[in-house]
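# Structure at a glance
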Amino acid sequence: AALCDPCLAPVNAALGEQFEAWTGALDALVVVQVEDPEYVYEWRREAEREMKGRSGAGMSDAEVTRFCDRCMPAYRQYLPGLYTA
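Calculation criteria
- Residues numbered from 1 in each chain as written.
- Predicted model: local features only at pLDDT ≥ 70, side-chain atom pairs only at ≥ 80, totals over all residues.
- Heavy atoms only, no water.
- Helix = DSSP H or I, 4+ residues; strand = E, 2+ residues; numbered from the N terminus.
- Rg over C-alpha atoms; globule rule 2.2 N^0.38 Å.
- Buried < 20%, exposed > 50% of the residue type's maximum accessible area, 1.4 Å probe, protein only.
- Contact = heavy atoms within 4.5 Å.
- Areas by Shrake-Rupley, 256 points an atom, 1.4 Å probe, with all protein chains shown as cover.
- Lys, Arg positive; Asp, Glu negative; His and termini not counted.
- Charge placed at Lys NZ, Arg CZ, Asp CG, Glu CD.
- Polar contact = N/O pair within 3.5 Å; in protein donor to acceptor, adjacent residues only side chain to side chain.
- Phe/Tyr/Trp six-rings, centres within 6.5 Å; stacked < 30°, edge-to-face > 60°.
- Patch = residues over 30% accessible without salt bridge, like charges linked within 9 Å, V, L, I, M, F, W, Y side chains within 5 Å.
- Salt bridge = Lys/Arg side-chain N within 4 Å of Asp/Glu carboxyl O.

## What about the overall build of the protein?
- Helix and strand counts for the protein come out as four helices and zero strands.
- For 85 residues, the compact-globule estimate of 2.2 N^0.38 gives 12 Å, and the protein exceeds it by more than 25% at 16 Å.
- When burial is assessed residue by residue, the protein has 15% of its 85 residues classed as buried.
- Taking as baseline every contact in the protein between residues at least 6 positions apart, the subset at least 24 positions apart corresponds to 58%.
- When the accessible surface of the protein is totalled, it reaches about 6,400 Å², and 58% of it is carbon and sulfur.
- The distance from the centre of the 8 positive side-chain charges to the centre of the 14 negative ones in the protein is 9 Å.

## Looking at the side chain of glutamate 48
- With respect to the helices and strands, glutamate 48 occurs in helix α3 (residues 39-55).
- Residue glutamate 48 is classed as buried on the basis of its relative accessible area, which comes to 5%.
- Within polar-contact distance, the side chain of glutamate 48 engages the backbone nitrogen of methionine 59 at 2.7 Å.
- If sequence neighbours within four positions are ignored, glutamate 48 has contacts with Gly58, Met59 and Val64.

## Digging into the packing of aromatic side chains
- Under the criterion given, the structure shown has two aromatic pairs.
- Ring centres of tyrosine 39 and tryptophan 43 lie 6.0 Å apart, and the angle between their planes is 50°; on these two criteria the pair is classed as tilted. Placement of the pair is tyrosine 39 and tryptophan 43 together in helix α3, with a separation of four residues, close to one helical turn.
- Residue tyrosine 39 is classed as partly exposed on the basis of its relative accessible area of 36%.
- A relative accessible area of 45% means that tryptophan 43 is categorised as partly exposed.

## Overview of a nonpolar patch on the surface
- A cluster of nonpolar side chains, Val11, Leu15, Phe19, Trp22, Leu26, Leu29, Val31 and Leu82, forms an exposed patch at the surface whose accessible area comes to about 660 Å².
- Elements with a contribution of two residues or more to the nonpolar patch: α1 (9-15) and α2 (18-24).
- Its location among the elements puts phenylalanine 19 in helix α2.
- Taking relative accessible area as the criterion, phenylalanine 19 reaches 39% and is therefore assigned partly exposed.

Now the structure itself:
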């Protein structure tokens, strides 16, 4: 399948043959289908706020947005295949 974001090419290359070996070692893989992957932003913000409350360390909302922005191409690329597997 064509990549939705060319930045994923190195990820796919790094996974290469290792992906089959890794998934072959699993007894099961549970995928929770979400209505909208954009929920990841709020989930991460909640986790960071909770972490800050416990330890004082955690990302700001702006840092969470930048972090999630880097992950979203992978969500968009790989979730549809995981949902139909």
